[in-house]
Amino acid sequence: MFFLKEARGGNIYMPIDTPVDEKDFKYLLQFSDCCRQKKILNQKSKPKADCMLIGETLAKAAIRQTFGIPVKHQHIIHGNGKPYLKDFPNVHFNISHSGKYAVCAVSDTPIGVDIQKIYGGYTPALFSRVCTESEIAQIEHSPDPSAEFIRLWTQKEAVVKMYGSGISRGDFKNCIKNENIVTYRLEDYFLNVCSKK
């Protein structure tokens, strides 16, 4: 069973507590283009495939609800940096998934969203690759360094996803400047949304 929930600002998330049954999976998959279908079907784990499919389904539902564009007219292109609608350049959306959650955010201005489950095992070497010196100090002095790292990581991911630059391009370490970022804590996950508004 799936529960659609809405965070402040029209951002939608869905906990996926049980696997998507085969009939529902096939039904939802038909609304994705061929390339996306292949990517979803090539996932090694069922939960990952479910999250990818539900994330795209959430986006289509949110776009229809927010902009009134019927699903059959939503031709989602998954470009290098971020997904977009081929025929509607003023519709902006972003999708993310981690663990049992799939999330999406839609807006009439550029937007990025990222969710990540908090887990341990981070090393100082990783901190120094993706965090500034002040962020490293913030992590090291936090009562829960793993949670603090994931909070910062998802903020950065949301920023680069809004711009469509990806973590491999640009300055990921210093990407958080005066960005409009909203942070949510869902159980042991951080969800961050970055928008131009």
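Residue indices begin from 1 for each chain and proceed along its sequence in written order. Totals for whole chains, interfaces and linings use every residue, but because this is a predicted model, local features are given only for residues with pLDDT of at least 70 and side-chain atom pairs only at 80 or more, for both listing and counting. Water and hydrogen atoms were dropped before computing side-chain values, which therefore reflect all heavy atoms in the structure.

1. What to know about the overall build of the protein
Applicable threshold: Working definition: helices are DSSP H or I runs of at least four residues, strands are E runs of at least two. Numbering for both runs from the N terminus. Residues are treated as being in contact if the distance between any of their heavy atoms lies within 4.5 Å. Computed with the Shrake-Rupley method and a 1.4 Å probe, the accessible areas treat only the protein chains shown as cover for residues.
When you go through the protein residue by residue, the secondary structure sums to six helices and nine strands. Contacts in the protein between residues far apart in sequence, at least 24 positions, make up 54% of those at least 6 positions apart. Summed over its atoms, the accessible surface of the protein is roughly 10,500 Å², and 54% of this surface lies on carbon and sulfur atoms.

2. Regarding the packing of aromatic side chains
Formally: Pairing of aromatic rings covers Phe, Tyr and the six-membered ring of Trp, with a centre-to-centre limit of 6.5 Å; geometry is then stacked below 30 degrees between planes, edge-to-face above 60, and tilted otherwise. Only protein chains enter the area calculation, which uses a 1.4 Å probe; residues under 20% of their type maximum are buried, those over 50% are exposed, and those in between are partly exposed.
One pass over the full model with this rule turns up four aromatic pairs. Between Phe-127 and Phe-149, the ring centres sit 5.2 Å apart and the planes meet at 45 degrees, which makes this aromatic pair tilted. Remark: Phe-149 occurs in helix α6 (residues 145-163) and Phe-127 occurs in helix α4 (residues 124-130); sequence separation between them is 22 residues. Assessed through its relative accessible area of 3%, Phe-149 is described here as buried. Seen in terms of ring centroids, Phe-149 and Trp-153 are 6.0 Å apart; in terms of plane orientation they differ by 35 degrees. Their pairing is tilted. Of this pair, Phe-149 and Trp-153 both sit in helix α6, four residues apart, roughly one helical turn. Taken together, Phe-127, Phe-149 and Trp-153 form an aromatic cluster joined through their ring pairs.

3. Some thoughts on the environment of Val-160
As for its position among the elements, Val-160 is in helix α6. Look at Val-160 and you get buried, because its relative accessible area is 4%. Between the C-alpha atoms of Val-160 and Cys-175, which are 15 residues apart in sequence, the distance is 7.4 Å.

4. Brief notes about the pattern of salt bridges
Here is the rule: We count a salt bridge whenever a side-chain nitrogen from Lys or Arg sits within 4 Å of a carboxyl oxygen from Asp or Glu.
In the structure shown here, the tally under the stated rule is six salt bridges. Note that Asp-50 is salt-bridged to Lys-46, the shortest N-O span being 2.7 Å. Pair noted here: Asp-50 and Lys-46 are both in helix α3 (residues 46-67), with a separation of four residues, about one helical turn. The class for Lys-46 is partly exposed, based on a relative accessible area of 34%. A salt bridge links Glu-148 to Arg-151, with the shortest nitrogen-to-oxygen separation between them at 2.5 Å. Here Arg-151 and Glu-148 lie together in helix α6, a separation of three residues that amounts to about one turn.

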